[in-house]
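# Inside the fold
Residue strings, one per chain:
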Amino acid sequence: MAITLRSTYQLKISLEGSKPPIWRRLLVASDIKLDVFHLALQITMGWTNSHLHQFISRDRKLYGIKDDDFEFDNLEIQDETATRLSQLLKVEKDDLIYEYDFGDGWTHKIILEKILAFDPDKKLPYCATGKRACPPEDCGGIWGYTDLLAIMENPEHVEYEDMIEWLGDEFDPAYLRRREINQLLLEYCR
């Protein structure tokens, strides 16, 4: 029996509570370290890496940026720079939670859909597909984003002009910028 040192993971990342669903299908090397995976998630989802984050494993262990100034009793953060994704996701259907921006509370469910043979000629990470744009930063979490979408659909709403000005001309909640995502993944996550 051959020992496989590296595989390609096909992951589905879903933004919890989003309706209609916001999700991505991402291909990564199984041995990607969590700090690099965090950057890949930021780019793939469309976040700006402006807030704290953490990963939560099935056994409720926390992984993130180690900071001795923020250690609490009974709450130990494992060092994400010393942890590979394959240590947390081992078989198909394993899952993991990624929390971003503890104020707005963006929770992403990450499911290992498939374990594929590793191809050194494929450029990873790679966003294969997905649906809908990422919510804008600092919009108030999933509830604030739901309100924002309702305002955008009603030009008569009292906050419509302010929200359009805040968002700028380029925000389209239905559009996924996959080509741009993959270019940024190549640039920052290799």
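Now for a look at the structure at hand. Treat the numbers as computed from the prediction; the structure is a model and nothing was measured.

## Re the overall build of the protein
When you go through the protein residue by residue, the secondary structure sums to four helices and eight strands. Across the protein, helices and strands are ordered from the amino to the carboxyl terminus as β-β-α-β-β-β-β-β-β-α-α-α. Relative to the compact-globule value of 16 Å for 190 residues, the protein shows a C-alpha radius of gyration of 18 Å, a close match. Looking at the 190 residues of the protein, the share that counts as buried comes to 44%. Long-range pairs, those at least 24 residues apart, make up 65% of the contacts in the protein between residues at least 6 apart in sequence. When the accessible surface of the protein is summed, it comes to about 11300 Å², and 49% of that surface belongs to carbon and sulfur atoms. For the protein, the separation between the mean place of its 23 positive charges and that of its 35 negative charges on side chains is 13 Å.

## Some details on the nonpolar core
Counting 44 residues, the largest nonpolar core has Leu11, Phe37, Leu85 and Ile110 as the members making the most contacts within it. Only strand E1 (7–15), strand E2 (23–29), helix H1 (34–45), strand E6 (95–100), strand E7 (106–117), helix H2 (141–152), helix H3 (160–167) and helix H4 (178–188) provide two or more residues apiece to this core. Residues in contact with Phe37, not counting those within four places in the same chain, are Leu11, Leu26, Val28, Ile32, Phe55, Leu85 and Ile110.

## Quick word on the state of the cysteines
For the structure shown, the criterion picks out zero disulfides. There is no disulfide at Cys139, and the cysteine sulfur nearest it, in Cys134, is 8.4 Å away.

## So, the packing of H2 against H3
Describing two packed helices takes the angle between their axes plus the distance from one axis to the other. Following both chains from N to C, one finds H2 and H3 inclined at 110°, their axes separated by 9 Å at the closest point. In terms of orientation, H2 lies roughly perpendicular with respect to H3. Both H2 and H3 take part in a crossing whose hand is left-handed. On the side of H2, the interface is formed by Leu148, Ile151 and Met152, while H3 contributes Tyr160, Met163, Trp166 and Leu167. When its residues are assigned to classes, the contact of H2 with H3 shows seven nonpolar, no polar and no charged.

## Topic: the side chain of Thr8
Take Thr8: it is sitting in strand E1. Thr8 has contacts with Leu27, Val28, Lys114, Ile115, Leu116, Ala117, Phe118, Asp119 and Leu124, leaving out every residue within four places of it along the chain.

## Things to note about H2
The terminal C-alpha atoms of H2, which comprises 12 residues, lie 16 Å apart, in line with the 16 Å expected from a rise of 1.5 Å per residue. Check the buried side of H2 and you find it contacts E1, E7 and H3.

## Overview of the environment of Arg60
Among the secondary structure elements, Arg60 is positioned in the loop between strand E3 (53–56) and strand E4 (62–64). Relative accessible area serves as the criterion here: at 62%, Arg60 is assigned to the exposed category. Between the alpha carbons of Arg60 and Ile97 there is a distance of 9.4 Å; along the sequence they are 37 residues apart.

Conventions used here
Residues numbered from 1 in each chain as written. Predicted model: local features only at pLDDT ≥ 70, side-chain atom pairs only at ≥ 80, totals over all residues. Heavy atoms only, no water. Helix = DSSP H or I, 4+ residues; strand = E, 2+ residues; numbered from the N terminus. Rg over C-alpha atoms; globule rule 2.2 N^0.38 Å. Buried < 20%, exposed > 50% of the residue type's maximum accessible area, 1.4 Å probe, protein only. Contact = heavy atoms within 4.5 Å. Areas by Shrake-Rupley, 256 points an atom, 1.4 Å probe, with all protein chains shown as cover. Lys, Arg positive; Asp, Glu negative; His and termini not counted. Charge placed at Lys NZ, Arg CZ, Asp CG, Glu CD. Core = buried A, V, L, I, M, F, W, Y, C linked by side-chain atoms within 4.5 Å. Disulfide = S-S within 2.5 Å. Axes fitted to C-alpha atoms, helices over the stretch in contact; angles between N-to-C directions. Parallel < 35°, antiparallel > 145°, perpendicular 65-115°, else oblique. Left-handed = near helix turned anticlockwise from the far one by under 90°. Nonpolar A, V, L, I, M, F, W, Y, C, P; charged D, E, K, R; others polar. Expected span 1.5 Å × (residues − 1).

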